Amino acid sequence: MAYISSTLREYEESTYLCNRCCFCHSACTILRQMNMEETSGPRGKMPLVYGLIRGDIKLSAFIVDKLYLCTTCRHCYVECPAGLEVEKVVEAFRHELIKAGLAPLEAHKVISFNIDNHNNPFGESVLDRVSG
Ligand code: SF4
Ligand code: SF4
């Protein structure tokens, strides 16, 4: 698969080494926000990326959504007995998307535009923000 390069392949072993223990679940605010839906949390992301690296699954909008559901806060690493750095896997995946021209996502382009043109991510008038 063209979009998988050495950047992401570096994580083939660590994504395989996730032992599904679930200790990271209590750490992840995203997982709680998503009503504990498995692929929104760190334990669910690891096999998704492993499957991509191995070519067992294809890139899809579903997988992109799940890999963007991460603040890269690194809290799951603190709880992980295997010392797996999920946020680095997530960042490597996003890096691959950008290299392949599949990111930034539309929502991120809007934020970038707003910062460039309005000096804030919300697109609000600078004068309104100062006077408000
Ligand atoms: S780094 Fe991502 S997956 Fe890990 S706890 Fe933070 S939000 Fe959840
Ligand atoms: S704590 Fe670590 S090894 Fe356990 S499920 Fe989470 S990422 Fe996998």
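Residues numbered from 1 in each chain as written. Chains lettered and ligands numbered in written order. Predicted model: local features only at pLDDT ≥ 70, side-chain atom pairs only at ≥ 80, totals over all residues.

Some remarks on the site of ligand 2
Ligand 2 sits among 16 residues. The nearest are C18, C21, C24, R43 and C80. Of the residues that constitute the shell around ligand 2, the class distribution is twelve nonpolar, one polar and three charged. (Near = placed C-beta within 6 Å. Nonpolar A, V, L, I, M, F, W, Y, C, P; charged D, E, K, R; others polar.)

So, the site of ligand 1
Residues in contact with ligand 1 amount to 13 residues; listed here are only the nearest, C28, P42, C70, C73 and C76. Elements supplying a minimum of two residues to the shell around ligand 1: helix 6 (75–79) and helix 7 (86–99). (Helix = DSSP H or I, 4+ residues; strand = E, 2+ residues; numbered from the N terminus.)

Quick word on the environment of N19
Looking at the element boundaries, N19 is found in the loop between helix 2 (12–17) and helix 3 (29–33). For N19, a count of 13 C-beta atoms within 10 Å translates into the label partly exposed. It is 44 Å that separates the C-alpha atoms of N19 and N119, two residues lying 100 residues apart in sequence. (Buried ≥ 20, exposed ≤ 12 C-beta atoms within 10 Å, placed from the backbone.)

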